[in-house]
Amino acid sequence: GENVEQHPSTLSVQEGDSAVIKCTYSDSASNYFPWYKQELGKRPQLIIDIRSNVGEKKDQRIAVTLNKTAKHFSLHITETQPEDSAVYFCAASLGSSASKIIFGSGTRLSIRP
Amino acid sequence: DAGITQSPRHKVTETGTPVTLRCHQTENHRYMYWYRQDPGHGLRLIHYSYGVKDTDKGEVSDGYSVSRSKTEDFLLTLESATSSQTSVYFCAISDIDSGELFFGEGSRLTVL
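Novice: Hey, could you run me through the pattern of salt bridges in this one?
Specialist: Oppositely charged side chains are able to pair whenever their charged atoms sit close together. Applying the stated criterion to the full structure yields nine salt bridges over all chains. The partner of A:Asp84 in a salt bridge is A:Arg61, with the nearest N and O atoms 2.9 Å apart. Of this pair, A:Asp84 sits in the loop between strand E8 (72-77) and strand E9 (86-93) while A:Arg61 sits in the loop between strand E6 (56-59) and strand E7 (62-67), placing them 23 residues apart in sequence. Residue A:Asp84 is classed as buried on the basis of its relative accessible area of 5%. As a salt-bridge pair, B:Asp73 and B:Arg22 come within 3.1 Å of each other at their nearest N and O atoms. You can see B:Asp73 sitting in strand E8 (residues 73-78) and its partner B:Arg22 sitting in strand E3 (residues 19-25), a full 51 residues away along the chain. On the accessibility criterion, B:Asp73 (9% relative accessible area) is buried. On the basis of relative accessible area, B:Arg22 is assigned to the partly exposed category, the value being 33%. A single salt-bridge network, built from bridges that share partners, covers A:Arg43, B:Arg9 and B:Glu105.

Take a look at the structure:
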């Protein structure tokens, strides 16, 4: 079946450095790619998303890039801070509608002081 | 936070017993979802609904059924719970125009 693969599963970076999380998807019809952040004991929350008609989107220290040809998208966090420590999930829509969203397996990001 | 509540929040049950989890929303969103979260697997879609009485299967639907008789309620039923269904279950809602999923607080189910 269709799936989303996410790497790495764990990532530790020094405070102030950048973090990159990568995902690939299998459904060529996917056109919506959100990223969610889940803090310990909390519910996942959307931090940024991108649609297939753009290649990059930024929101302050967070950016997402999309390569539809390679079916690959990435999350970039710059100038990492302690509050960035969390589990991050990439996701993709199945088909051309955003109604069915499947997730990657998650990346646990730790920020070292 | 979006108006979405799950009940019960915690449940311990025995293998073979039926279990129903309830998701209630006050946002009048059309789409509702049930995901399960397990270590190493992320969030996996069980079932989703795109309207009253309209539901579809997700990635891991075997052993689960759902019902949506009202816009605001989406029920997930385990007809005969198994230990492999021990998990944290998240309900989510979406207004589809934005695509953003708003999650409930989760329901932790333990099947002994």
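Novice: Looking at this structure, I do not really get the interface of chain A and chain B. What am I missing?
Specialist: For an interface, size is often stated in terms of accessible area lost upon the parts coming together. Taken together, the 19 residues of chain A in the interface contact 26 residues of chain B. Between chain A and chain B, the buried area comes to about 1,800 Å², and carbon and sulfur atoms account for 53% of it. The interface formed by chain A and chain B contains one salt bridge. Contributing elements (two or more residues each) for the side of chain A that touches chain B: strand E4 (32-38), strand E5 (45-51) and strand E10 (101-103) of chain A. With four residues, E5(A) is the single largest residue contributor to the side of chain A that touches chain B. Class assignment of the residues belonging to the side of chain A that touches chain B gives a composition of nine nonpolar, five polar and five charged.

Novice: Would you explain the nonpolar core in this entry?
Specialist: A general feature of soluble globular proteins is that nonpolar side chains tend to end up buried together. Counting 25 residues, the largest nonpolar core has A:Trp35, A:Phe73, A:Leu75 and A:Leu109 as its most contacted members. Those elements that provide at least two residues to this core are strand E2 (10-14), strand E3 (19-25), E4, E5, E7, E8, E9 and strand E11 (107-112) of chain A. With 19 residues, the next largest nonpolar core counts A:Phe89, B:Tyr31, B:Tyr48 and B:Phe103 among its residues.

Novice: Teacher, can you tell me more about the sheet that holds E8(B) here?
Specialist: What links the strands of a sheet is backbone hydrogen bonding, and the strands pair in either a parallel or an antiparallel sense. Residue and element names in this part refer to chain B. Overall, antiparallel pairing links the four strands, which are arranged E1-E3-E8-E7 in an open sheet. Whereas interior strands pair on both sides, the edge strands pair on one side only; in this sheet they are strand E1 (4-7) and strand E7 (64-70). Averaged over neighbouring strand pairs, the angle between their axes works out to 20° when direction is ignored. Here E1 pairs with E3 via four bridges, running antiparallel.

Novice: Would you mind showing me how to read the pairing of E3(A) here?
Specialist: The side chains of a regular strand alternate between the sheet's two faces. Residues and elements named next belong to chain A. Of the two faces of E3, the one lined by Ala 19, Ile 21, Cys 23 and Tyr 25 is fully buried and the one lined by Val 20, Lys 22 and Thr 24 carries no buried residue. In terms of strand pairing, strand E1 (residues 4-7) meets E3 through four bridges, oriented antiparallel. Its bridge partner being in E3, Glu 5 is matched across the sheet by Thr 24. As judged from the six bridges shared by E3 and E8, these two strands associate in the antiparallel manner. If you follow Val 20 over to E8, its bridge partner there is His 76.

Rules of the game
- Residues numbered from 1 in each chain as written.
- Chains lettered and ligands numbered in written order.
- Predicted model: local features only at pLDDT ≥ 70, side-chain atom pairs only at ≥ 80, totals over all residues.
- Heavy atoms only, no water.
- Salt bridge = Lys/Arg side-chain N within 4 Å of Asp/Glu carboxyl O.
- Helix = DSSP H or I, 4+ residues; strand = E, 2+ residues; numbered from the N terminus.
- Buried < 20%, exposed > 50% of the residue type's maximum accessible area, 1.4 Å probe, protein only.
- Contact = heavy atoms within 4.5 Å.
- Buried area = accessible area lost by both parts, 1.4 Å probe.
- Nonpolar A, V, L, I, M, F, W, Y, C, P; charged D, E, K, R; others polar.
- Core = buried A, V, L, I, M, F, W, Y, C linked by side-chain atoms within 4.5 Å.
- Pairing = 2+ DSSP bridges.
- Axes fitted to C-alpha atoms, helices over the stretch in contact; angles between N-to-C directions.

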